[in-house]
Amino acid sequence: IPVDRFDLVIFGGTGDLARRKILPGLYRRFLAGQMPEGSRIIGAARTEMDREAFRNFVAEALDEFVAPGKREAAVVARFLEGLDYVAIDARGEGGWDALAGLMRKDVVRAFYFSVAPALFGDIAERLHQFGIADGDSRIVVEKPFGRDRDSARKLNAVLARHFDETQIYRIDHYLGKETVQNLMAVRFANILFEPLWNAQYVDHVQITVAETVGVGGRGSYYDKSGAMRDMVQNHLMQLLCLIAMEPPNRFEPDAVRDEKLKVIRALDPVAPEHIVRGQYQAGQGQPGYLADAENPASRTESYIALKVQISNWRWKGTPFYLRTGKRLRARASEIAITFKEPPHSIFEQEEGWKENVLVIRLQPNEGINLKVMIKEPGPGGMRLTQVPLDMSFAEALGEEGADIPDAYERLIMDVIRGNQTLFMRGDEVEAAWAWTDPIIAAWEARGDRPKPYDAGTSGPEDALMLLHRDGRRWREIR
Ligand code: BG6
């Protein structure tokens, strides 16, 4: 889908996110021919530098974060020509007139707030005071969107002072992932699964986001958040919503977001015995969390597993098991939907019988895999065995499947197109916090200590028990 010409201002344009994700992502869209001629990207940050210095900064970022095969000198040079820079004082007056002078009236104007949330209000205010933003402009904000419901509410109120909800794009980059959107395609573009997609046929759901990285380098942020705030309240929650929501009547922003919100509101509170928090300790040559976070007394969780129940007609009785953690055995994100056994078996075989499982692999090796029972080939009688119906995107879709755009590329282009479907609405974020807050408050009140697990393993032993107690087991992380 084509996009209109735009001026995109990146506040925090010299920051880490801009360098790693936003600018390389924009370059890749430019390379793909999706950035219309005459569009401009304007870096805005406190650092005094001129346009040339910013272009050099971006050139270096592209060297580091764009694959060499995609960095043809002539294309990079053309991309850099569209860049500008303004040094700005977010809390003062400096630089705003200059920015106002640069902005054009006849193009889409978008503002990416890649800065600390404490600055959102000041920037929003200045954009209006200096006549830089208007009723058609769009703003993009990053997580963390608050650290509890109160702070999220305040942020929403600050933004609402100058921008309408239809102008605000709250990023959860998981929604920009190809496979996450595929979840909706699998559910709503096929008739196969939807009739079975409920508590009558689904035994349970597992959502896993396992990472191998630790928190080294960003310990000061992470130690105040932990896995619950950093991953569950946003990314895992969004995955859960997309699996559990009712079919929206259209693939349109509010239709989708209304359905997600209903899921969040239907989540039961989670009892302490349904939560396992973990913290990695040194292992397999990797440092422990306390060293990484530079806080020897930290009780922050780098791993969490929860059993979540949804109180509505569709899902009552089907548990959703969520887990995420750092420095685990492998990087693997997937959603596994385990179906119930057939109501009656006509076969005599008792062993080796397995349930159907639909696995949606988010990363790496994106794909979909459905485990089905078949007859074991050969003359040995009616022996049953389970085989995977496997669909790897890279294999099935050839080059296109292998060259999946990064989440940020897609999301930024959606901002320019004015499509909010893959962005979180204010009430959705607040509702997610409303569910999260009492869980965190309860373990804080108990003085709960996370269970240690060795770096490079699959997390604390207790997490196994969470499923064993229910006669189930986690899928292996690999
Ligand atoms: C971020 C979290 O939002 O998502 C990080 O703050 C985490 O802690 C990251 O590592 C994971 O994203 P991805 O795309 O690598 O799965």
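As the structure is a computational prediction, the values presented were derived from the model and not from experiment. As a convention, each chain's residues are numbered from 1 in the sequence order in which they are written. With pLDDT at 70 or above as the cut-off, local features in this predicted model cover only qualifying residues; side-chain atom pairs require 80 or more to be listed or tallied, and sums for whole chains, interfaces and linings still use all residues. Just so you know, side-chain values use all the structure's heavy atoms and leave hydrogens and water out.

## Re the packing of helix α6 (residues 149-160) against helix α14 (residues 426-446)
Line of reasoning, step 1. Note on method: axes are straight lines fitted to C-alpha atoms, helices fitted across the in-contact stretch only, with angles between N-to-C directions ranging 0 to 180 degrees. Think of it this way: any DSSP run of H or I at least four residues long counts as a helix, any run of E at least two long counts as a strand, and we number them from the N terminus. Taken N-terminus to C-terminus, the directions of α6 and α14 make an angle of 165°; their axes are 8 Å apart at the nearest point. If you check the angle between α6 and α14, you find them roughly antiparallel. When you trace α6 past α14, the crossing you get is left-handed. From α6, R149, A152, R153 and N156 reach across to α14, where they touch G426, V429, E430, W433, A434 and D437.
Line of reasoning, step 2. By the convention adopted, Pro, Cys, Tyr, Trp, Phe, Met, Ile, Leu, Val and Ala count as nonpolar, Lys, Arg, Asp and Glu as charged, and the other residues, Gly among them, as polar. By residue class, the composition of the contact of α6 with α14 is four nonpolar, two polar and four charged. Should an angle fall under 35 degrees it is called roughly parallel, over 145 degrees roughly antiparallel, and 65 to 115 degrees roughly perpendicular, with every other angle called oblique. The handedness criterion is simple: a crossing whose near helix is rotated anticlockwise from the far helix by less than a right angle is left-handed, and one whose near helix is rotated clockwise is right-handed. Contact criterion: two residues are considered in contact whenever any of their non-hydrogen atoms come within 4.5 Å of each other.

## Quick word on the UniProt feature "active site" (unreviewed entry) in the protein
Line of reasoning, step 1. As recorded in UniProt, the sites labelled "active site" (unreviewed entry) are H235.
Line of reasoning, step 2. In this fold, H235 is placed in helix α8 (residues 219-244).
Line of reasoning, step 3. Judged by its relative accessible area of 2%, H235 falls in the buried class.
Line of reasoning, step 4. Once you skip the residues sitting within four places of it in the chain, H235 turns out to touch K143, D172, H173, Y174 and D230. UniProt positions are given in the numbering used here, feature names are shortened, and annotations may be inferred rather than shown by experiment. Each residue gets one of three labels from its accessible area relative to the maximum for its type: buried under 20%, exposed over 50%, partly exposed in between, using a 1.4 Å probe on protein chains only.

## Let's talk about the site of the ligand
Line of reasoning, step 1. Put simply, a residue is near a molecule or strand once any heavy atom of it comes within 4 Å of that molecule or strand. The immediate surroundings of the ligand are formed by K143, H173, Y174, K177, E211, R218, D230, M231, H235, K326, R331 and Q363.
Line of reasoning, step 2. Any pair of nitrogen or oxygen atoms within 3.5 Å is treated as a polar contact; in protein, a donor-acceptor pairing is required on top of that, and neighbouring residues in sequence qualify only through side-chain atoms on both sides. The contact in question runs from an oxygen atom of the ligand to an N or O atom on the side chain of R218, over 2.8 Å.
Line of reasoning, step 3. Take Q363: an N or O atom from its side chain is 2.7 Å from an oxygen atom of the ligand.
Line of reasoning, step 4. Notes on the ligand: free accessible area 400 Å², of which the protein chains cover 80%.
Line of reasoning, step 5. Sorting elements by how many residues they give to the shell around the ligand places α8 first, with three residues.
Line of reasoning, step 6. For the shell around the ligand, a count of residues per class yields two nonpolar, three polar and seven charged. Here the Shrake-Rupley method, with its probe set to 1.4 Å, supplies the accessible areas, and only the displayed protein chains count as covering residues.

## Considerations on α8
Line of reasoning, step 1. Bend, at a single residue, is the angle you get between axes fitted to the 7 residues ending at that residue and the 7 residues starting at it. At G226, α8 is bent by approximately 100°, the largest bend along its length.
Line of reasoning, step 2. Most of α8 is tucked away: 23 of the 26 residues are buried.

## Observations concerning the confidence of the model for the protein
Line of reasoning, step 1. Scored by pLDDT, the protein comes out at a mean of 94, with 99% of its residues at no less than 70.
Line of reasoning, step 2. What the predictor reports for the complex is a pTM of 0.95 with an ipTM of 0.99. In predicted models, pLDDT denotes the confidence assigned by the predictor to each residue on a 0 to 100 scale.

## Section: the sheet that holds strand β15 (residues 451-454)
Two modes of strand pairing occur in sheets, parallel and antiparallel, and in both the strands are linked by backbone hydrogen bonds.
Line of reasoning, step 1. The strand order across the open sheet built from nine strands is β14-β13-β12-β11-β7-β10-β9-β8-β15, with neighbouring strands paired in mixed fashion. Looking at strand neighbours, the two that pair on one side only are β14 (384-392) and β15, the edges of this open sheet. Within the sheet, the average angular offset between the axes of one strand and its neighbour, ignoring direction, is 20°.
Line of reasoning, step 2. A pair of strands counts as paired when DSSP detects no fewer than two bridges linking them. With six bridges connecting them, strand β11 (residues 332-339) and strand β12 (residues 357-363) associate as antiparallel partners. Bridging from a neighbouring strand, T338 pairs with V357 of β12.
Line of reasoning, step 3. Across the sheet, α8 lies against β7 (202-210), β9 (303-308), β10 (320-325), β11 and β12, angled at about 145° from β10, the strand it touches most.

## Topic: the side chain of Q363
Line of reasoning, step 1. Tracing the chain through its elements places Q363 in strand β12.
Line of reasoning, step 2. A relative accessible area of 9% means that Q363 is categorised as buried.
Line of reasoning, step 3. Engagement of the side chain of Q363 in a polar contact is seen with the side chain of K177, the distance being 2.7 Å.
Line of reasoning, step 4. If sequence neighbours within four positions are ignored, Q363 has contacts with Y174, K177, R331, A332 and S333.

## Regarding the packing of α8 against α14
Line of reasoning, step 1. One can describe the packing of α8 onto α14 by two numbers: an axis separation of 10 Å at closest approach and a directional angle of 135°. As far as their axial angle goes, α14 and α8 are oblique. Seen along the crossing, α8 lies across α14 with a hand that is right-handed. Two secondary-structure elements touch here, α8 through M228, R229, V232, Q233, M237 and Q238 and α14 through E428, V429, A432, W433, W435, T436, I439, I440 and W443.
Line of reasoning, step 2. Its residues assigned to classes, the contact of α8 with α14 comprises ten nonpolar, three polar and two charged.

## Quick word on the pattern of salt bridges
Line of reasoning, step 1. When a carboxyl oxygen of Asp or Glu is within 4 Å of a side-chain nitrogen of Lys or Arg, the pair counts as a salt bridge. Counted according to the given criterion, the structure contains 39 salt bridges.
Line of reasoning, step 2. Close ionic contact of D16 with R19 constitutes a salt bridge, the shortest N to O distance being 3.5 Å. Here D16 and its partner R19 are both found in helix α1 (residues 16-31), three residues apart, which amounts to about one turn of the helix.
Line of reasoning, step 3. Overall, D16 belongs to the partly exposed group, its relative accessible area being 43%.
Line of reasoning, step 4. Linking K143 and D230 is a salt bridge whose minimum nitrogen-to-oxygen distance equals 2.9 Å.

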